[in-house]
Amino acid sequence: MSDRTPERLRVFKTYKLYVGGKFPRSESGRVYEVTTKPSAADAAGKGNWLANAPLSSRKDARDAVVAARKAFGGWSGATAYNRGQVLYRVAEMLEGRREQFVREVAEAEGLSKAKAAAQVDAAIDRWVWYAGWTDKIAQVVGGGNPVAGPFFNLSSPEPTGVVAVLAPQKSSFLGLVSVLAPVIATGNTAVVIASERAPLPALSLGEVLATSDVPGGVVNILSGRTAEIAAPLAAHQDVNAIDLAGADEALAKELEIAAADNLKRVLRPQPVDDWSATPGTDRMTAFLETKTVWHPTGSLGASGSSY
């Protein structure tokens, strides 16, 4: 009797979109091939096949906006402390699936295992970093204002609404986390377009979000042709802001013009040499509105306030 283990067929993963807390295929039924990053020695300029990813349509983009708008009330109304707990849970789940993401990032970006592991570790740490900011950003950008007259004048930040996010093209995971986490940390909901050439880490992130207490619809992840999906999002009347991190100069200009129709907030693409550098608070404040409240203190006399 032979002790040799019989060969078995490999079970290939079917990558799907993440919309409204569910995993649909593209409404169009289309897919496209995702390959490893071609090496410099590859004269043909082709990498090895990895998987077929969904090729999202305009209908998928509209469905994602509907899901994001539906989730906005509950997510923005949650306490900042609760949002921080949820973001920290994402980091916990990513830590448990670290090896999977190391492999996917290495294949997507043509990195060694050690360099890919550093990218994944930095992405996990970034979730923790933003989890800690959820209940502190209001103290940084809000507060009491000195005004003349018997009034309290208080300013506080509030989320903008539904934000379309074009993920960076080259940094498939750390860059993605760096643009997504600040959007949802501040109470917005997001429609994310994954890196066109390397969407697999982003699509796998959807599986982590689904099991990390993130309410369905808070994050929606689409894959496909960036320009094709971004155009209807930039023109969509129910999208309040757009982050153009993953757009080239020509596409960014086109999308910015479309976004002006309903006065969307637009975060223009900026060159980033190192996504692992400390990000600061700019990406959080980019999608916050300031609400200012006046309240009378009562009449003021020689002894001060009537209170």
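Thresholds applied
Sequence order as written defines residue numbering, which begins from 1 separately in each chain. Local features are withheld for residues below a pLDDT of 70 in this predicted model, meaning they are given only at 70 or higher, and side-chain atom pairs are given and counted only at 80 or more; totals for whole chains, interfaces and linings count all residues. Only hydrogens and water are set aside; all other atoms, that is, all heavy atoms of the structure, feed into the side-chain values. Only protein chains enter the calculation, and the probe is 1.4 Å; a residue is then buried if its accessible area is under 20% of its type maximum, exposed if over 50%, and partly exposed in between. Numbering goes from the N terminus for both helices and strands, where a helix is a DSSP run of H or I of at least four residues and a strand is a run of E of at least two. Think of the arc as the fan of directions from the helix axis to the C-beta atoms. We call two residues in contact when some of their heavy atoms are within 4.5 Å. Basic side-chain nitrogens of Lys or Arg form a salt bridge, by our definition, when they fall within 4 Å of a carboxyl oxygen of Asp or Glu. Here the aromatic set is Phe, Tyr and Trp, taking the six-membered ring for Trp, and pairing holds for ring centres within 6.5 Å; pairs whose planes are under 30 degrees apart are stacked, those over 60 apart are edge-to-face, and all others are tilted. Counting as a charge over the ring demands two things of the Lys NZ or Arg CZ atom: a distance within 6 Å of the ring centre and an angle within 35 degrees of the ring normal. One less than the residue count of a helix, multiplied by 1.5 Å, gives the span that helix is expected to have. Each residue is assigned a bend, namely the angle between axes fitted to the seven residues that terminate at it and the seven residues that start at it. Polar contacts, as used here, are pairs of N or O atoms within 3.5 Å; protein pairs need one atom able to donate a hydrogen and one able to accept it. Residues neighboring in sequence count only if both atoms are side-chain atoms.

J.: Can you lay out helix 9 (residues 249–259) for me, pointing to particular residues and giving the numbers?
T.: Buried within helix 9 we find L251, A252, L255 and A259. Considered in projection along helix 9, the buried side chains sweep an arc of 100 degrees and stay on one side of the axis. Pointing more than 90 degrees away from the buried face of helix 9 are the exposed residues E249, A250, K253 and I257. Against the buried residues of helix 9 lie strand 5 (162–166), helix 8 (226–235), strand 8 (241–243) and strand 9 (265–267).

J.: Quick rundown of the pattern of salt bridges? Include the residues and the values.
T.: The final tally for this structure, using the stated rule, is 14 salt bridges. The closest approach of N and O atoms between K59 and D63, which form a salt bridge, is 3.0 Å. With K59 and D63 both in helix 1 (residues 58–77), this residue pair falls four residues apart, about one helical turn. According to the relative accessible area criterion, K59 is partly exposed, its value standing at 35%. The shortest N-O distance in the salt bridge between R98 and E99 comes to 3.0 Å. Relative accessible area serves as the criterion here: at 21%, R98 is assigned to the partly exposed category. Bridged by salt links that share partners, the residues R98, E99, K113 and D121 form one connected network.

J.: Quick rundown of the side chain of T226? Include the residues and the values.
T.: Position of T226 among the secondary structure elements: in helix 8. On the basis of relative accessibility, which here comes to 4%, the residue T226 falls in the buried class. Those residues within four positions of T226 in sequence are excluded, and the remaining contacts are L166, Q169, I193, A194, E196, G246 and L251.

J.: With reference to specific residues and values, describe the packing of aromatic side chains.
T.: Applying the stated criterion to the full structure yields five aromatic pairs. When the centroid spacing of 5.1 Å and the interplanar angle of 35 degrees are considered together, the rings of Y18 and F23 count as tilted. Ring pairing ties together the aromatic residues W129, Y130 and W133, which thus form one cluster. A cation sits over an aromatic face here: R69 above F72, 5.7 Å from the ring centre. Residue placement shows R225 over the ring face of Y32; its charged tip is 4.6 Å from the ring centre.

J.: Before we move on, can you summarise helix 1 with the specific residues and values?
T.: Every α-helical turn comprises 3.6 residues, leaving residues that sit three or four positions apart pointing alike. Its 20 residues place the ends of helix 1 29 Å apart at the C-alpha level, agreeing with the 28 Å of an ideal helix rising 1.5 Å per residue. The largest bend along helix 1 reaches roughly 40 degrees and is located at A71. Burial in helix 1 covers these residues: D60, A61, A64, V65, A67, A68, A71, F72 and W75. The N-cap residue of helix 1 is S57: its side-chain oxygen and the backbone nitrogen of K59 are 3.3 Å apart.

J.: Requested: an account of unusual backbone geometry, with residues and values cited.
T.: A positive phi is found at D213, a non-glycine position, where the angle reads about 70 degrees. Take D213: it is sitting in the loop between helix 7 (200–210) and strand 7 (219–222). In this structure, L263 takes a positive phi of about 60 degrees despite not being glycine. Its place among the elements puts L263 in the loop between helix 9 and strand 9. Residue L263 is classed as exposed on the basis of its relative accessible area of 75%.

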